[in-house]
Structure formats: C-alpha cells, structure tokens
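Structural characterization, general
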Amino acid sequence: MEGAGAVRLKVAGDSRPSAVAGAICAGLRERGSCEMQAIGAGAVNQAVKALVVARGYLEIEGVQLLFVPSFMDLDVEGLERTAVRFLVTGRRLHP
C-alpha cells in the first residue's frame with residue numbers, strides 16, 4: 001500500500017488540521033499516497049481532524065480517501081516512542 005516515494009508527514013499537537021489536510025491532498029495527487037506520524041493524544045487528534053478535512057476536499061474531486069492506522073516505534077532524541085501511523089491513499093469514486 002505504501003509507495004516508495006510516499007510523502008511522510010509528522011503531525012504535532014499544535015498542527016493546523018487544514019494545513020495538514022492540504023499536505024495530504026498534495027501527497028495523494030503527486031505520489032498517490034502519504035504517511036502521517038503522530039505521537040501523543042493531541043497529535044493524533046489533529047491528524048484525525050486533518051483526515052476529515054482532506055476527505056471533504058477530495059470528495060469534491062471524486063476521490064474517496066482511504067487510510068489504515070497502525071502503531072509504530074520511533075527513536076526520538078534517543079528515547080523509544082510509540083506513534084500512530086496513518087497510511088493514506090485514495091481511489092476514484094466514479095471511473
């Protein structure tokens with residue numbers, strides 16, 4: 001599901017959902033997929049809001065947003081942290 005050139009977005013608790021949504025849409029248009037990583041409840045919340053906003057943007061273009069959430073371990077400044085990863089793709093609603 002994840003393309004070799006997938007866009008990787010790191011979402012923080014203070015990320016603007018509309019800005020992240022725009023980056024999701026750009027990643028899907030340019031490369032067909034993107035990956036979001038979020039550490040902590042606030043960051044996951046902003047990531048989910050961004051998915052909702054991006055879904056609305058893409059629906060207008062006839063694209064259905066699809067994503068698969070999972071956990072992943074990351075090394076952040078020497079500490080192992082668990083992040084929520086969202087692999088995001090889209091498909092045309094009407095061929």
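Note that the structure is a prediction, hence the values are computed from the model and not measured.

Okay, helix H2 (residues 41–60) next. The terminal C-alpha atoms of H2, which comprises 20 residues, lie 30 Å apart, in line with the 28 Å expected from a rise of 1.5 Å per residue. Regarding H2, the residues found buried are Ala43, Gln46, Ala47, Ala50, Leu51, Ala54 and Leu58. For H2, the angular spread of the buried residues around the axis is 150°, confining them to a single face. Pointing more than 90 degrees away from the buried face of H2 are the exposed residues Ala41, Val52 and Ile60. If you follow the buried residues of H2, they end up packed against strand S1 (7–11), helix H1 (17–31), strand S2 (33–38), strand S3 (63–76) and strand S4 (79–92).

Spatially, four strands are ordered S1-S2-S4-S3 in an open sheet, and the strand pairing comes out mixed. A single partner strand is all that each edge strand has here, and the edge strands are S1 and S3. Sheet twist, expressed as the mean angle between neighbouring strand axes with direction ignored, is 25°. Against the sheet, H1 engages S1, S2, S3 and S4, with an angle of about 150° to S2.

A separate point is H1. Here H1 is 15 residues long and its end C-alpha atoms lie 21 Å apart, about the 21 Å a rise of 1.5 Å per residue gives. Every buried residue of H1 is listed here: Pro17, Val20, Ala21, Ile24, Cys25, Gly27 and Leu28. Across the axial projection of H1, the buried residues extend over an arc of 160°, all falling on one side. Exposed and facing more than 90 degrees away from the buried side of H1 are Arg29 and Glu30.

Moving on, we come to the pairing of S2. The buried fraction of S2 is high, at six of six residues. Both faces of S2 are covered, namely the face carrying Ser33, Glu35 and Gln37 and the face carrying Cys34, Met36 and Ala38. Strand direction decides the pairing type here: S1 and S2, joined by five bridges, are parallel. For leucine 9, the partnering residue across the bridge sits in S2 and is methionine 36. Here six bridges tie S2 to S4, and the two strands are oriented antiparallel to one another. Directly across from methionine 36, in S4, lies its bridge partner phenylalanine 86.

Counting 21 residues, the largest nonpolar core has Ile24, Met36, Leu51, Leu65, Phe86 and Val88 as its most contacted members. Going through the elements one at a time, S1, H1, S2, H2, S3 and S4 are the ones with two or more residues in this core. Here this core gets six residues from one element, more than from any other, and that element is H2. In this structure isoleucine 24 touches Leu9, Cys34, Met36, Ala50, Leu51, Ala54, Leu65 and Val88, once residues within four positions along its chain are discounted.

Conventions adopted
Residues numbered from 1 in each chain as written. Predicted model: local features only at pLDDT ≥ 70, side-chain atom pairs only at ≥ 80, totals over all residues. Heavy atoms only, no water. Helix = DSSP H or I, 4+ residues; strand = E, 2+ residues; numbered from the N terminus. Expected span 1.5 Å × (residues − 1). Buried < 20%, exposed > 50% of the residue type's maximum accessible area, 1.4 Å probe, protein only. Arc of directions from axis to C-beta. Contact = heavy atoms within 4.5 Å. Pairing = 2+ DSSP bridges. Axes fitted to C-alpha atoms, helices over the stretch in contact; angles between N-to-C directions. Core = buried A, V, L, I, M, F, W, Y, C linked by side-chain atoms within 4.5 Å.

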